[in-house]
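What follows is the residue order along each chain.
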Amino acid sequence: MDDETLARLLAAARAVRERAYAPYSGFAVGAALLDEHARVHAGCNVENAAYPQGWCAETSALAAMVAAGGRRVLGLVVVGVAPRPLTPCGGCRQKLREFAADDCPVWSADLDSVHARFTLGELLPASFGPGHLETSA
Ligand SMILES: O=c1ccn([C@H]2C[C@H](O)[C@@H](CO)O2)c(=O)[nH]1
Ligand SMILES: [Zn+2]
C-alpha cells in the first residue's frame with residue numbers, strides 16, 4: 001500500500017474515532033480499511049449498558065465494507081490512545097480473517113503516529129478460515 005493510501009486510512013480512522021460510543025470504558029477506537037475497489041470503510045466501537053453486547057471498531061468497519069459491497073480487505077488501520085500499540089482483539093482478528101489474506105497489513109496508530117505494522121498472519125497464526133469448509137464430502 002502506498003503512503004497516500006495509508007494516510008487516507010489513518011485520517012478516516014482518526015475521524016471516526018471521534019464518534020466512538022464508549023461511555024463505559026472511556027476507550028475510543030477507530031478503524032479504517034481498504035477494500036478491493038480501493039474504497040475506504042471506517043467504524044468505531046459501540047458499547048452497551050449490557051457490557052458484552054458492545055462491539056469493536058474493527059467489526060464496525062468490516063460491517064460497513066460488507067454493506068457497501070466490499071468483500072476483500074487489503075489493509076486496516078486501528079487508532080486508539082494506549083500505553084502500548086493497540087491491536088485488534090481476538091474476535092476481530094477472526095472476523096478480519098474471513099475477508100483478508102495472511103499478508104494483509106494491520107497498522108496500529110494513535111493521534112500522532114503509526115506505532116506498529118503487523119500482518120494478519122502474525123496476529124492470527126495457523127488460523128481457521130473459509131478454506132477449511134471446502135470439503136468434497
Ligand atoms: O482493537 C480494539 C480493542 C478494543 N476496542 C474497544 C472495545 C471496547 O469498547 C473498548 C475497551 O476494550 O475498546 C476496539 O474497538 N478495538
Ligand atoms: Zn475486537
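If you check an unreviewed UniProt entry, the protein appears there as Cytidine deaminase from Rubrivivax gelatinosus. Quoted verbatim from the Cofactor (unreviewed entry) field of UniProt, the annotation for the protein is "Zn(2+)".

> Before we move on, could you go through the coordination of the zinc ion (ligand 2) and cite the residues and values that matter?
Within the first shell, the zinc ion (ligand 2) binds the protein through C56 (SG), C89 (SG) and C92 (SG), at distances of 2.2 to 2.3 Å. Considered as a linear motif, the donors of the zinc ion (ligand 2) on their single chain read C-x32-C-x2-C. Under the relative-accessibility criterion, C92 is labelled buried at 3%.

> So what's going on with the packing of helix α2 (residues 57-67) against helix α3 (residues 90-97)? Which residues, and what values?
Where α2 contacts α3, the two axes come as close as 9 Å, and the packing angle between them is 20°. Relative to α3, the element α2 is oriented roughly parallel. Crossing of α2 against α3: the hand is left-handed. Across from E58, T59 and L62 in α2, the residues of α3 making contact are C92, K95 and L96. By residue class, the composition of the contact of α2 with α3 is three nonpolar, one polar and two charged.

> I'd love a proper account of α3, names of residues and values included.
Taken together, the buried positions of α3 are C92, R93, L96 and R97. Along the long axis of α3, the arc covered by the buried residues comes to 145°, so they all point the same way. On the buried face of α3, the contacting elements are α2, β3 (73-79), β4 (105-109) and α4 (120-123).

> Describe the site of ligand 1, with residues and values.
S25, F27, V29, N45, E47, C56, A57, E58, L86, T87, P88 and C89 make up every residue found near ligand 1. Note that an oxygen atom of ligand 1 is positioned 3.0 Å from one of the side-chain N or O atoms of N45. Within the side chain of E47, one N or O atom sits 2.5 Å away from an oxygen atom of ligand 1. Within the complex, the protein chains bury 77% of what would otherwise be the 370 Å² of accessible surface of ligand 1. For the shell around ligand 1, the residue count by class is seven nonpolar, three polar and two charged.

> Before we move on, could you go through the UniProt feature "domain: CMP/dCMP-type deaminase" (unreviewed entry) in the protein and cite the residues and values that matter?
As recorded in UniProt, the feature "domain: CMP/dCMP-type deaminase" (unreviewed entry) lies at residues 4-131. Counting secondary structure, residues 4-131 comes out at 29% helix and 23% strand; the distance between its end C-alpha atoms is 33 Å.

> Could you give an account of the sheet that holds strand β2 (residues 40-44), with specific residues and numbers?
What the five strands build is an open sheet, ordered β2-β1-β3-β4-β5; its pairing is mixed. At either end of the open sheet lies a strand with only one pairing partner, and these are β2 and β5 (114-119). With direction set aside, neighbouring strand axes in the sheet form an average angle of 15°. For strand β1 (residues 30-35) and β3, the ladder comprises six bridges, and the chain directions are antiparallel. Pairing of L33 across the sheet is with L76, part of β3. Strand contacts of α2: β1, β2 and β3, with the helix running at about 140° to β2, the strand carrying the most contacts.

Each value, and the rule that gives it
Counting of residues starts from 1 at the beginning of each chain's written sequence and follows it residue by residue. To label them, take the chains in the order written and letter them from A, then take the ligands in the order written and number them from 1. Totals for whole chains, interfaces and linings use all residues, but because this is a predicted model, local features are given only for residues with pLDDT of at least 70 and pairs of side-chain atoms are given and counted only at 80 or more. As a rule here, side-chain values come from all non-hydrogen atoms in the structure, and water together with hydrogens is ignored. UniProt positions are given in the numbering used here, feature names are shortened, and annotations may be inferred rather than shown by experiment. For Na, K and Ca the donor cut-off is 3.2 Å, while for other metals it is 2.8 Å, and in both cases only N, O and S atoms qualify; water is not among them, so sites may look incomplete. Whether a residue is buried, partly exposed or exposed follows from its accessible area with a 1.4 Å probe, protein chains only, as a fraction of its type maximum: under 20%, in between, or over 50%, in that order. Working convention: axes come from line fits to C-alpha atoms, limited for helices to the stretch in contact. Angles between N-to-C directions cover 0 to 180 degrees. Here a helix means four or more residues in a row that DSSP labels H or I, a strand means two or more in a row labelled E, and each is numbered from the N terminus. Every angle not falling under 35 degrees, over 145, or within 65 to 115 is termed oblique; those three ranges are roughly parallel, roughly antiparallel and roughly perpendicular. In this scheme the crossing of two helices becomes right-handed for a clockwise turn of the near helix relative to the far one and left-handed for an anticlockwise turn of less than a right angle. A contact between two residues is defined here by any heavy atoms of the two lying within 4.5 Å. Put simply, Ala, Val, Leu, Ile, Met, Phe, Trp, Tyr, Cys and Pro go in the nonpolar bin, Asp, Glu, Lys and Arg in the charged bin, and everything else, Gly too, in the polar bin. As used here, the arc belongs to the directions running from the helix axis to the C-beta atoms. Note on terminology: near, applied to a residue and a molecule or strand, indicates that one of the residue's heavy atoms is within 4 Å of it. Polar contacts, as counted here, are pairs of nitrogen or oxygen atoms within 3.5 Å of one another; within protein the pair requires one atom able to donate a hydrogen and one able to accept it, and residues that are adjacent in sequence qualify only if both atoms are side-chain atoms. Note on areas: these come from Shrake-Rupley sampling with a 1.4 Å probe, and a residue is covered only by the protein chains present in the view. If DSSP finds at least two bridges between two strands, the strands pair.

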